[in-house]
Amino acid sequence: MHTAVISGTGLFTPSASISNEALVASFNEYVRRHNERHAAEIASGAMAALAESSVEFIEKASGIKQRFVLDRDGVLDPERMYPRLAPRDNEQLSVMAEMAVAAAKMALERSGRQPADIDGVICAASNMQRAYPAMAIEVQNALGIGGWAFDMNVACSSATFGIEQAANAVRSGSARAVLMVNPEICSAHLEWRDRDCHFIFGDVATAVVVERSDLAVSNHRFEVLGTRLATQFSNNIRNNAGFLNRCEDKWGDLRDKLFVQEGRKVFKEVCPMVAEHIAGHLAALELAPAGVKRFWLHQANLSMNQLIARRLLDRDPTPQEAPVILDQYANTSSAGSIIAFHLHADDLAAGDIGVISSFGAGYSVGSVVLRKL
Ligand code: COA
């Protein structure tokens, strides 16, 4: 068995962003127009009036202040409220692959690797833009990487589940190095007209190079001390979009074909699950939470992360111990914990321990325990 290290990460951030103020202004304009159009039904009691959103609620409930998106105009147009992405023909690089390639190039550069050094590509994300060919194979082809490539989806936990697959391939010797990418176009599966969740998501792509320790050349290497994954079925985060949709002859309300959640239940059920998962994983490695320098947690909700860290440390975490990026990026699904790692790992000293943990739909939770080399 070989030792696996994370030797480089990459981040692609779209150039457009939406502040809470701009988001709420467009949402409230949509509400005003909707209620005006349906004034008669609302007056007769046949329809409930839509309620406005507020910046104060969003910041207090989530900690999110803005999000990056591929297309701002489509999302903010009160007559549309979803991104407008230009169709591409089959000869062009698809939009998800393009984001992944941008993040991957940065990860390859930071790890000091060339495409020829990589033996496998995993695209791990919450949504794939098509059924096949795999996004990962398109990324592999665009970068000129040999070996194999495949897609996998464990929703918000996809990155840690992907890192385990990459680390296993490296540990077993079946690959020298694996590139794992997380392109997330969350703006396309979000119902921007639903005030309960319209503020939640953003778009981004991350990439991670996992490789054999004895071959690694990067100065910023993290040894993978262990990976642990767990799942437990729940309907509280669900998206029913799929290839059988047209066969169901269901028209009208298609709300369930986008992201739907019972936010309160998720909060209550997932926090203890994640804290116990991380504590159990650390204990199995004979490590204590108090000895962990940094927790790079999934970025869905600020209070959720504070609660998880508090359960682990028996005190509030410092901003350094549990870095927050969701204020700027919102929930970017599988990419969130990797953005935190990418932006907040360079200052760690040799020997420092850190944990990447992602969690979400499934339910699913994954942890990757790392030691800075
Ligand atoms: N603006 C103003 N008020 C709003 C609002 C908005 N945009 N959205 C909801 N509200 C109202 C609700 O109608 C509710 O009013 P009521 O008490 O009169 O019924 C009140 O605010 C509280 O709503 P609730 O949905 O219970 O808020 P919350 O504190 O649970 O926060 C989430 C909502 C989604 C931010 C939070 O539950 C969460 O982040 N959960 C975890 C989500 C998660 O991690 N998901 C994983 C996805 S990968």
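Residues numbered from 1 in each chain as written. Predicted model: local features only at pLDDT ≥ 70, side-chain atom pairs only at ≥ 80, totals over all residues. Heavy atoms only, no water.

A.B. asks: Can you help me understand the nonpolar core in this one?
C.D. replies: In summary, soluble globular proteins display a tendency toward joint burial of nonpolar side chains. Counting 49 residues, the largest nonpolar core has Ile 278, Phe 295, Ile 308 and Phe 359 as its most contacted members. Contact partners of Phe 359, with chain neighbours within four places excluded, come to Cys 156, Ser 157, Val 270, Val 274, Leu 297, His 298, Met 304, Asn 305, Ile 308, Ser 364 and Val 365. Among the nonpolar cores identified, the runner-up in size contains 36 residues, and Val 154, Met 180, Val 204 and Leu 370 belong to it. (Core = buried A, V, L, I, M, F, W, Y, C linked by side-chain atoms within 4.5 Å. Buried < 20%, exposed > 50% of the residue type's maximum accessible area, 1.4 Å probe, protein only. Contact = heavy atoms within 4.5 Å.)

A.B. asks: What exactly am I supposed to notice about the sheet that holds strand S4 (residues 120–124) here?
C.D. replies: Paired through their backbone hydrogen bonds, the strands of a sheet run either parallel or antiparallel. Taken in spatial order, the 9 strands of this open sheet run S5-S4-S6-S7-S1-S8-S13-S12-S11, and their pairing is mixed. Every interior strand has two partners, whereas the edge strands, strand S5 (148–152) and strand S11 (294–297), have only one. Strand-to-strand twist across the sheet, computed as the mean angle between neighbouring axes with direction ignored, equals 25 degrees. In the sheet, S4 pairs with strand S6 (residues 177–185) via 4 bridges, with the strands oriented parallel. Looking at S6, one finds that Gly 120 is bridged to Val 178. On the sheet, helix H5 (residues 95–111) packs against strand S1 (4–12), S4, S6 and strand S7 (203–212) and is oriented at approximately 130 degrees with respect to S1. (Pairing = 2+ DSSP bridges. Helix = DSSP H or I, 4+ residues; strand = E, 2+ residues; numbered from the N terminus. Axes fitted to C-alpha atoms, helices over the stretch in contact; angles between N-to-C directions.)

A.B. asks: Help me understand the site of the ligand, please; the structure alone is not making it clear to me.
C.D. replies: Taken together, 18 residues lie near the ligand, and Cys 156, Arg 195, Gln 261, Arg 264 and Asn 301 sit nearest. A distance of 2.8 Å separates a nitrogen atom of the ligand from a polar side-chain atom of Gln 261. Residue Gly 263 places a main-chain N or O atom 3.0 Å away from a nitrogen atom belonging to the ligand. When the free accessible area of the ligand is taken as 960 Å², the share hidden by the protein chains comes to 72%. Secondary-structure elements contributing two or more residues to the shell around the ligand are helix H3 (55–62) and helix H8 (263–284). Its residues assigned to classes, the shell around the ligand shows 8 nonpolar, 7 polar and 3 charged. (Near = heavy atom within 4 Å. Polar contact = N/O pair within 3.5 Å; in protein donor to acceptor, adjacent residues only side chain to side chain. Areas by Shrake-Rupley, 256 points an atom, 1.4 Å probe, with all protein chains shown as cover. Nonpolar A, V, L, I, M, F, W, Y, C, P; charged D, E, K, R; others polar.)

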